[in-house]
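Here is how the chains run, residue by residue.
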Amino acid sequence: MELKVSSLAERPDDVDRVFGMADSWPEFVSRDIVANYHYGRIARELAAYVLFAEDERGEVVATAFSVPFALDVEGRGELPVRGWDEVLMWAFADLRLGQRPDTVSAIAVNVRPDHQGRGLSGRMLSAMRDNARAHGFGEVVAPVRPSAKHLEPHTPIEEYAHRVRPDGLPHDPWLRVHARAGATVEAVAPASMTVVGSLEQWRRWTGLPFDTRGDIEVPGALVPVRCEPERGYAVYVEPNVWMRHPL
């Protein structure tokens with residue numbers, strides 16, 4: 001497939017098309033309050049790090065979001081255990097304070113559902129790496145959401161992250177795409193994203209009753225959701241896998 005990849009810095013008028021592209025994220029994932037506050041800001045304040053791909057008909061079929069941030073500074077130095085959420089907060093704190101970034105973090109690679117299975121995620125990951133290199137960075141890190149972990153919600157993330165096939169590549173398909181691009185597993189981010197909602201909200205997001213205390217398996221969730229009916233809420237704490245890409 002012929003793809004034309006552009007950034008929103010080059011084509012700011014296409015922002016509505018980028019955010020209007022259909023994706024396959026579970027509904028509850030978009031309810032992370034850190035994402036709700038920061039995700040849209042990437043397009044407004046860091047547009048050079050928002051890439052989108054158009055097919056031969058000019059339709060947006062894939063996007064890639066990333067953010068620059070400072071890792072090698074006092075109080076940081078290591079990739080955060082709160083992964084996706086915290087790296088977003090670091091990036092925008094650095095932007096506000098004028099802190100010079102030294103690393104780029106992937107935030108999301110999205111492929112339109114009717115174009116999945118065609119290798120577009122790997123191509124957008126490559127474009128993200130090239131974009132970071134073009135901006136003078138020497139590495140990309142990624143709080144990766146393993147694409148098949150939802151099939152094993154009770155498997156510890158440490159075990160899952162380091163599981164490999166006989167050829168030495170990761171068992172998980174999305175981790176494997178990163179590995180083929182040259183990345184290695186750096187660490188686990190056990191609390192990369194947190195979604196808290198009332199029982200009624202969780203029922204609306206998932207179609208499940210959420211009326212029993214304990215761990216609830218939810219389609220698309222990487223780990224069970226903790227339900228507390230007597231307190232009126234449920235909590236999902238998603239683990240991710242930090243991968244490091246030298247450029």
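Residues numbered from 1 in each chain as written. Predicted model: local features only at pLDDT ≥ 70, side-chain atom pairs only at ≥ 80, totals over all residues. Heavy atoms only, no water.

1. Regarding helix 2 (residues 33–45)
The end-to-end C-alpha separation of helix 2 is 19 Å, in line with the 18 Å expected for 13 residues at 1.5 Å each. Within helix 2, burial applies to Val34, Ala35, His38, Tyr39, Arg41, Ile42 and Ala43. Of the surrounding secondary structure, the elements contacted by the buried residues of helix 2 are helix 1 (15–20), strand 2 (50–54), strand 3 (60–69), helix 3 (83–97) and strand 4 (103–111). (Helix = DSSP H or I, 4+ residues; strand = E, 2+ residues; numbered from the N terminus. Expected span 1.5 Å × (residues − 1). Buried < 20%, exposed > 50% of the residue type's maximum accessible area, 1.4 Å probe, protein only. Contact = heavy atoms within 4.5 Å.)

2. Concerning the environment of glycine 122
The residue glycine 122 is located in helix 4 (residues 120–134) in this model. Judged by relative accessible area, glycine 122 falls into the partly exposed class, the value being 26%. Distance from glycine 122 to glycine 40, taken between C-alpha atoms, is 23 Å for residues 82 residues apart in sequence.

3. Comments concerning the pairing of strand 8 (residues 225–228)
Pairing of strand 7 (residues 214–216) with strand 8 involves three bridges; the strand directions are antiparallel. In the sheet register, isoleucine 216 faces strand 8, and the bridge partner there is valine 225. Here strand 8 pairs with strand 9 (residues 233–246) via three bridges, running antiparallel. Paired with cysteine 227 across the two strands is alanine 234, which belongs to strand 9. Linking strand 8 back to strand 9 in an antiparallel pair, the connection comprises four residues, with glycine 232 at a positive phi of about 80 degrees. (Pairing = 2+ DSSP bridges.)

4. Some details on the packing of helix 2 against helix 3
Running from amino to carboxyl end, helix 2 crosses helix 3 at an angle of 45 degrees, the nearest separation of the two axes being 10 Å. Comparing their axes, helix 3 and helix 2 come out oblique. Along this stretch, helix 2 crosses helix 3, giving a crossing that reads as left-handed. Residues Val34, Ala35, His38, Tyr39, Arg41, Ile42 and Glu45 of helix 2 lie in contact with helix 3, whose contacting residues are Trp84, Asp85, Leu88, Met89, Phe92 and Leu95. (Axes fitted to C-alpha atoms, helices over the stretch in contact; angles between N-to-C directions. Parallel < 35°, antiparallel > 145°, perpendicular 65-115°, else oblique. Left-handed = near helix turned anticlockwise from the far one by under 90°.)

5. With respect to unusual backbone geometry
Positioned with a positive phi, phenylalanine 210 is a non-glycine residue whose angle comes to about 45 degrees. Considering the arrangement of structural elements, one finds phenylalanine 210 in the loop between helix 7 (199–206) and strand 7.

6. Notes on the nonpolar core
Ranked by internal contacts, the top residues of the largest apolar core, which has 52 residues, are Ile42, Ile107, Trp202, Phe210 and Tyr236. In terms of residues, this core owes the most to one element, helix 3, which gives six residues. Not counting residues up to four positions away in its chain, the partners in contact with tyrosine 236 are Phe28, Arg145, Met193, Thr194, Val195, Trp202, Ala221, Leu222, Val223, Pro224 and Val225. The next biggest cluster of nonpolar side chains, apart from the first, holds 22 residues, and it includes Leu51, Ala53, Ala142 and Ala183. (Core = buried A, V, L, I, M, F, W, Y, C linked by side-chain atoms within 4.5 Å.)

7. With respect to the pattern of salt bridges
Taken as a whole and assessed by the stated rule, the structure comprises 25 salt bridges. A salt bridge links arginine 17 to glutamate 54, with the shortest nitrogen-to-oxygen separation between them at 3.1 Å. With arginine 17 in helix 1 and glutamate 54 in strand 2, this residue pair connects regions lying 37 residues apart in the sequence. Given the relative accessible area of 31%, arginine 17 is considered partly exposed. Glutamate 228 is the salt-bridge partner of arginine 226, the closest N and O atoms lying 3.3 Å from each other. Each of the salt bridges in this network shares a partner with another, and the network as a whole consists of Arg213, Asp215, Arg226, Glu228, Glu230 and Arg231. (Salt bridge = Lys/Arg side-chain N within 4 Å of Asp/Glu carboxyl O.)

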